[in-house]
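# Examining the three-dimensional arrangement
So you can see what is in the structure, the chains are spelled out below.
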Amino acid sequence: ILAKYLLTLKRRRFTYRFVFVPETIGTIAYLSKNLSPLQERVIGGYVLTCLAGKTGFTYVQTREDETLVNRLARHTLKHSGHEYKVLPFLERGSDERQYGWPGVDIPVGSLMRSSYHDFPAYHTSDDNLESCSEKELVESLDLYKKCLENFEFNQIPVVTTIGEPFLSKRGLYRSLSTRDYPLDSKLLFNVLTYCDGKQDLLAIAD
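This section reports on the structure supplied with the text.

What counts and what doesn't
- Residues numbered from 1 in each chain as written.
- Predicted model: local features only at pLDDT ≥ 70, side-chain atom pairs only at ≥ 80, totals over all residues.
- Heavy atoms only, no water.
- Helix = DSSP H or I, 4+ residues; strand = E, 2+ residues; numbered from the N terminus.
- Buried < 20%, exposed > 50% of the residue type's maximum accessible area, 1.4 Å probe, protein only.
- Contact = heavy atoms within 4.5 Å.
- Areas by Shrake-Rupley, 256 points an atom, 1.4 Å probe, with all protein chains shown as cover.
- Lys, Arg positive; Asp, Glu negative; His and termini not counted.
- Charge placed at Lys NZ, Arg CZ, Asp CG, Glu CD.
- Phe/Tyr/Trp six-rings, centres within 6.5 Å; stacked < 30°, edge-to-face > 60°.
- Pairing = 2+ DSSP bridges.
- Axes fitted to C-alpha atoms, helices over the stretch in contact; angles between N-to-C directions.
- Core = buried A, V, L, I, M, F, W, Y, C linked by side-chain atoms within 4.5 Å.

The next thing to look at is the overall build of the protein chain. Tallying secondary structure elements over the protein chain gives seven helices and four strands in all. Along the first, second and third principal axes, the C-alpha atoms of the protein chain reach 70 × 40 × 35 Å. Here the protein chain, with 206 residues, has 35% of them falling under the buried criterion. Partitioning the contacts of the protein chain with sequence separation of at least 6, the portion at a separation of at least 24 is 78%. Only carbon and sulfur atoms are counted for the fraction: they give 56% of the accessible area of the protein chain, which is about 13600 Å². Across the protein chain, 26 positive and 26 negative side-chain charges occur, with their mean positions spaced 9 Å apart.

What follows deals with the packing of aromatic side chains. Counting across every chain of the model gives five aromatic pairs. Between the aromatic rings of Y16 and F151, the centroid separation amounts to 6.2 Å while the plane-to-plane angle is 80°, which identifies the pairing as edge-to-face. Taken together, the positions of Y16 in the loop between α1 (2–8) and α2 (25–41) and F151 in helix α5 (residues 134–153) put the pair 135 residues apart, joining distant regions of the chain. Relative accessible area serves as the criterion here: at 27%, Y16 is assigned to the partly exposed category. Judged by centre distance (6.1 Å) and plane angle (70°), the rings of Y46 and Y59 are edge-to-face. With Y46 in strand β1 (residues 45–47) and Y59 in strand β2 (residues 57–60), this pair connects stretches of sequence that are 13 residues apart.

Here we have four strands laid out as an open sheet, ordered β1-β4-β2-β3, and mixed in their pairing. Only two strands of the sheet have a single partner each, and these edge strands are β1 and β3 (84–87). Strand after strand, the sheet turns through a mean of 25° between neighbouring axes, direction not considered. Bridge count between β2 and β3: four bridges; the pairing is parallel. Directly across from T58, in β3, lies its bridge partner K85. On top of the sheet, helix α3 (residues 68–78) reaches β1, β2, β3 and β4 (108–112); it is set at about 165° to β2, its chief contact.

This next bit is on the nonpolar core. A general feature of soluble globular proteins is that nonpolar side chains tend to end up buried together. With 14 residues, the main nonpolar core has L2, Y59, L77, L111, L143 and Y144 as its most contacted residues. Going through the elements one at a time, α1, β2, α3 and α5 are the ones with two or more residues in this core. Setting aside chain neighbours within four positions, we find Y144 in contact with L2, Y46, V47, L48, L51 and L111.

Note that every value here comes from positions in space, so none of it alone points to a role or purpose.
Structural data, given as structure tokens:
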């Protein structure tokens, strides 16, 4: 469903790869055959696992803290309205282990519902569908969609004026000087001030 959703997005700036493999050995085999092109082209990714649990969200970060996939996941979770927790890479448990291995170094996090550490039936014969919910699964899908939208929309803006731009003629700023500084005008100039070619929209929003 997520792959089909990506196909509906017009003017995608990036390409995407969905990998369906058995946990651990499948990913190791996949990496052993594709490591060089992946390292050259992949910005980052997520392991999709445990997405239908009846809990809030859990995000296991990549080994390096300030990767784009970490920032995207944290930002999206913060504004999702859902309960969530963010765990360090030391709490890893799925195929983010392989992507974060030294020498592989592809930033892949894991955004899920019930963490494998909090799911007593995980990898046991007690696993069953009673712990799953269609509602939570749809919410997980929506959260991943939002992550991808934020990724697609993220850019590094650069202002082109010397000093603050003249916005009044465009109806974006007051035409007469007053002592009061409208909040929306201050916010607008705050955003423009950080469009310095060093910060992306995600950092400016945060």
